[in-house]
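Okay, here's what each chain looks like letter by letter:
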Amino acid sequence: MKKIKYILLLLLFIGVLDVYAIDNCTNEEMKRLKDLASNVNFKTEYTVSPREILNDEGVMELVDVSVNFKIQIINDNEDLKYYYKDNIKGEKILINQSDLSERSFRDGENIEFQIYSYSKNLCTNKLLRTVKVELPNYNMYYYLNKDKCDTYPEFQYCKEFLKVNQDDFSKIDKLFDEYLSNNDKENNSNSLKKTSNNLYYIIAGIAFIVVFTIIIIVYKRKKRDRI
């Protein structure tokens, strides 16, 4: 009977050791979790919705654009969980991909995601990585001037995402006119250079033909005199 008790105690002790070995947070397990977290990316997509009102003349007039971003977790894993800090309340909120798909974020927001371990061992609930997602400001000047911005994309205020104050639109229009003027001067200058170069090649070609013709004539005369 005593032998059976000892055997049972020994088996129980071995079982406890095995459970501890499984639950223990080893360096290898932490490395695995950190590798999972480092492989996570946050993909952003956006939609632009114009906001129009009916003016005094009964015509719909654009007054603003609303830009909403969606964020998707790429390379998600069941051994990870995510928190993000609410910019309004300042609270840290547990979130998953399903929650994110129902949320929209505004342009200009800076969102901080914290990736924690969510494993079935003592490595769980460890902060693995912090990722900041900066959503750019949408440029309404670009939206209102798409035609000319598509024609002159090099103009400094023709970027779709750029922080621009609407009060500065009239100043930007003047800068655009200056840009066009300088661009026309540059094009004219390049055109003159091209014309000048073409004229040079034409004159050089004519001179070559004249010289070549003279050489042929002189050669034929000398040959005839010898005969």
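You'll find the structure just up there.
Just so it is clear, the structure is predicted and the values come from calculations on it, not from any experiment.

K.L.:
Which residues make up the nonpolar core, and what are the values?
P.N.:
Grouped together as the largest cluster of nonpolar side chains are 34 residues, with contacts concentrated most on Phe42, Tyr82, Phe105, Phe113 and Ile115. Where this core is concerned, the elements lending two or more residues are helix 2 (27–38), strand 2 (60–74), strand 3 (80–85), strand 6 (110–117), strand 7 (127–134), helix 4 (140–144) and helix 6 (169–226). Per-element tally for this core: the top contributor is strand 2, with five residues. Leaving out residues up to four positions away in the same chain, Phe113 has contacts with Phe42, Ile71, Tyr83, Tyr84, Leu100, Arg129, Thr130, Val131 and Val133.

K.L.:
Help me get a handle on the sheet that holds strand 2, residues and values and all.
P.N.:
An order of 1-2-5 is seen for the three strands of this open sheet, with the pairing classed as antiparallel. The sheet is open, and its two borders are formed by strand 1 (41–54) and strand 5 (105–106), each paired with just one other strand.

K.L.:
Lay out the packing of aromatic side chains with the relevant residues and their values.
P.N.:
Within the structure shown, the criterion is met by 17 aromatic pairs. Ring geometry for Phe69 and Phe161: centres 6.2 Å apart, planes at 45°, overall tilted. With Phe69 in strand 2 and Phe161 in the loop between helix 5 (146–151) and helix 6, this residue pair connects regions lying 92 residues apart in the sequence. The class of Phe161 is partly exposed, set by a relative accessible area of 24%. One aromatic cluster in this structure is built from Phe42, Tyr82, Tyr84, Phe105 and Phe113. Of note, Lys92 hangs over the ring of Tyr83, and the distance from its end group to the ring centre comes to 5.0 Å.

K.L.:
Help me get a handle on the state of the cysteines, residues and values and all.
P.N.:
Applying the stated criterion across every chain yields a total of two disulfides. A sulfur-sulfur distance of 1.9 Å marks the disulfide that ties Cys25 to Cys123. In this structure the cystine formed by Cys25 and Cys123 twists about its S-S bond by roughly 100°; its chirality is therefore right-handed. Separated by 98 residues along the polypeptide, Cys25 in the loop between helix 1 (2–23) and helix 2 and Cys123 in the loop between strand 6 and strand 7 bring together distant segments of the chain. Judged by its relative accessible area of 25%, Cys25 is partly exposed. A sulfur-sulfur distance of 2.2 Å marks the disulfide that ties Cys149 to Cys158. Judged by the torsion about the S-S bond (-75°), the Cys149/Cys158 disulfide is left-handed. Comparing Cys149 with Cys158, the two get one shared label, buried. In the chain, the bonded cysteines, numbered by position in the sequence, are linked as 1-2, 3-4.

K.L.:
How would you explain the sheet that holds strand 7 if you had to name every residue and give the values?
P.N.:
Here we have four strands laid out as an open sheet, ordered 4-3-6-7, and antiparallel in their pairing. This sheet does not close on itself; its edge strands, each paired only once, are strand 4 (92–95) and strand 7. This sheet shows a mean twist of 30° between the axes of neighbouring strands, independent of strand direction. In this sheet, strand 6 lies alongside strand 3 in antiparallel orientation, the contact comprising five bridges. Among the inter-strand pairings, Tyr83 is bridged to a residue of strand 6, identified as Gln114. On the sheet, helix 2 packs against strand 3, strand 6 and strand 7 and is oriented at approximately 10° with respect to strand 7.

Thresholds applied
- Residues numbered from 1 in each chain as written.
- Predicted model: local features only at pLDDT ≥ 70, side-chain atom pairs only at ≥ 80, totals over all residues.
- Heavy atoms only, no water.
- Core = buried A, V, L, I, M, F, W, Y, C linked by side-chain atoms within 4.5 Å.
- Buried < 20%, exposed > 50% of the residue type's maximum accessible area, 1.4 Å probe, protein only.
- Helix = DSSP H or I, 4+ residues; strand = E, 2+ residues; numbered from the N terminus.
- Contact = heavy atoms within 4.5 Å.
- Pairing = 2+ DSSP bridges.
- Phe/Tyr/Trp six-rings, centres within 6.5 Å; stacked < 30°, edge-to-face > 60°.
- Lys NZ or Arg CZ within 6 Å of the ring centre and 35° of its normal.
- Disulfide = S-S within 2.5 Å.
- Axes fitted to C-alpha atoms, helices over the stretch in contact; angles between N-to-C directions.

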